[in-house]
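Close look at the chain arrangement
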Amino acid sequence: MNSGRALMADATALEASGARQDIPGVAEVCDDHVHFKSNSDLKAGASGWRISRSEIAGVRDGDGPGELVITFRTPGRFRAIEATPLIHVDKWRSLTTG
């Protein structure tokens, strides 16, 4: 991408451990990382969660209409993020190809 612009979509992060909750929020794809902010992070102005694009294992179709699932090589806080981009779906799908 290397455009200096970000792609954004409604998203749900799937926790890797603990209660394994689904956390609603927003995913943002920048040139070299994916950034997830929960709805509570957005309200509080918190920084959210950032993961390098090199840690993305894959992007596949999800169960819902237009949904994409971003999985990670080594789960940290989240094992995956389900995003529903309205535009530029091809760019979301290319996250693992750089």
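For the structure, see preceding data.
Residues numbered from 1 in each chain as written. Predicted model: local features only at pLDDT ≥ 70, side-chain atom pairs only at ≥ 80, totals over all residues. Heavy atoms only, no water.

Looking at the overall build of the protein
Let me state the cut-off plainly: A run of H or I in DSSP becomes a helix once it reaches four residues, and a run of E becomes a strand once it reaches two; helices and strands are each numbered from the N terminus. Only C-alpha atoms enter the radius of gyration, while the globule expectation follows 2.2 Å times N to the 0.38, with N the number of residues. The criterion used for residue contact is that any of the two residues' heavy atoms lie within 4.5 Å.
The number of helices and strands found in the protein is two helices and seven strands. Listed N to C, the secondary structure of the protein is β-β-β-α-β-β-β-β-α in terms of helices and strands. Taken against the 2.2 N^0.38 rule, which gives 13 Å for 98 residues, the C-alpha radius of gyration of the protein at 12 Å falls within 12% of a compact globule. C-alpha atoms of the protein, sized along the principal axes, occupy 35 × 30 × 25 Å. Nonlocal contacts in the protein, meaning residues at least 24 apart in sequence, comprise 37% of its contacts between residues at least 6 apart.

Re the pattern of salt bridges
Rule in force here: Between Lys or Arg on one side and Asp or Glu on the other, a salt bridge is scored when a side-chain nitrogen of the former is within 4 Å of a carboxyl oxygen of the latter. Burial status follows relative accessibility: with a 1.4 Å probe on protein chains alone, a residue under 20% of its type maximum counts as buried, one over 50% as exposed, and anything between as partly exposed.
Under the counting rule described, the total for this entry stands at one salt bridge. Where Asp 61 meets Arg 93, a salt bridge forms, and the shortest distance between an N and an O atom there is 2.7 Å. Placement of the pair is Asp 61 in strand β5 (residues 56–61) and Arg 93 in helix α2 (residues 89–93), with a sequence separation of 32 residues. Residue classification places Asp 61 among the partly exposed residues on the basis of a relative accessible area of 46%. Since its relative accessible area comes to 39%, Arg 93 is described here as partly exposed.

Focus: the environment of Arg 93
Measuring from C-alpha to C-alpha, the distance between Arg 93 and His 35 comes to 16 Å, with 58 residues separating the pair along the chain. Those residues in contact with Arg 93, other than ones at most four positions away along the chain, are Val 59, Asp 61 and Leu 68.

Some points on the packing of aromatic side chains
Applied cut-off: Two aromatic rings, drawn from Phe, Tyr or Trp (for Trp, its six-membered ring), form a pair once their centres lie within 6.5 Å of each other, and the interplanar angle then sorts them: stacked below 30 degrees, edge-to-face above 60, tilted otherwise.
By the definition in use, this model includes three aromatic pairs. Residues Trp 49 and Phe 72 carry aromatic rings whose centres are separated by 5.4 Å and whose planes lie at 80° to one another, so their mutual orientation is edge-to-face. Here Trp 49 is found in strand β4 (residues 49–52), whereas its partner Phe 72 is found in strand β6 (residues 68–72), with 23 residues between them in sequence. Across this residue pair, the class does not change: Trp 49 and Phe 72 are buried.

Observations regarding the environment of Ser 38
Test applied: Here a polar contact is recorded for every N or O atom pair within 3.5 Å, except that within protein the pair must consist of a potential hydrogen donor and a potential acceptor, and residues adjacent in sequence are included only if both atoms are side-chain atoms.
Of note, Ser 38 is situated in strand β3 (residues 33–38). Separated by 26 residues in sequence, Ser 38 and Thr 12 place their C-alpha atoms 8.1 Å apart. In this structure Ser 38 touches Ile 23, Pro 24 and Gly 25, once residues within four positions along its chain are discounted. In terms of polar contacts, Ser 38 uses its side chain to reach the backbone amide nitrogen of Asp 41, at 3.0 Å.

Observations concerning the sheet that holds strand β1 (residues 7–15)
As a reminder, the rule being used: Two strands are counted as paired when DSSP detects at least two bridges linking them. A fitted line through C-alpha atoms serves as each axis, taken over the contacting stretch for helices, and the angle formed by two N-to-C directions is quoted from 0 to 180°.
Strands sit in the order β4-β3-β2-β1-β7-β6-β5 across an open sheet of seven strands; the sheet is antiparallel. In the strand order of this sheet, the two ends are held by β4 and β5, each with one partner. Between one strand axis and the next, the sheet turns through 30° on average, direction left out of account.

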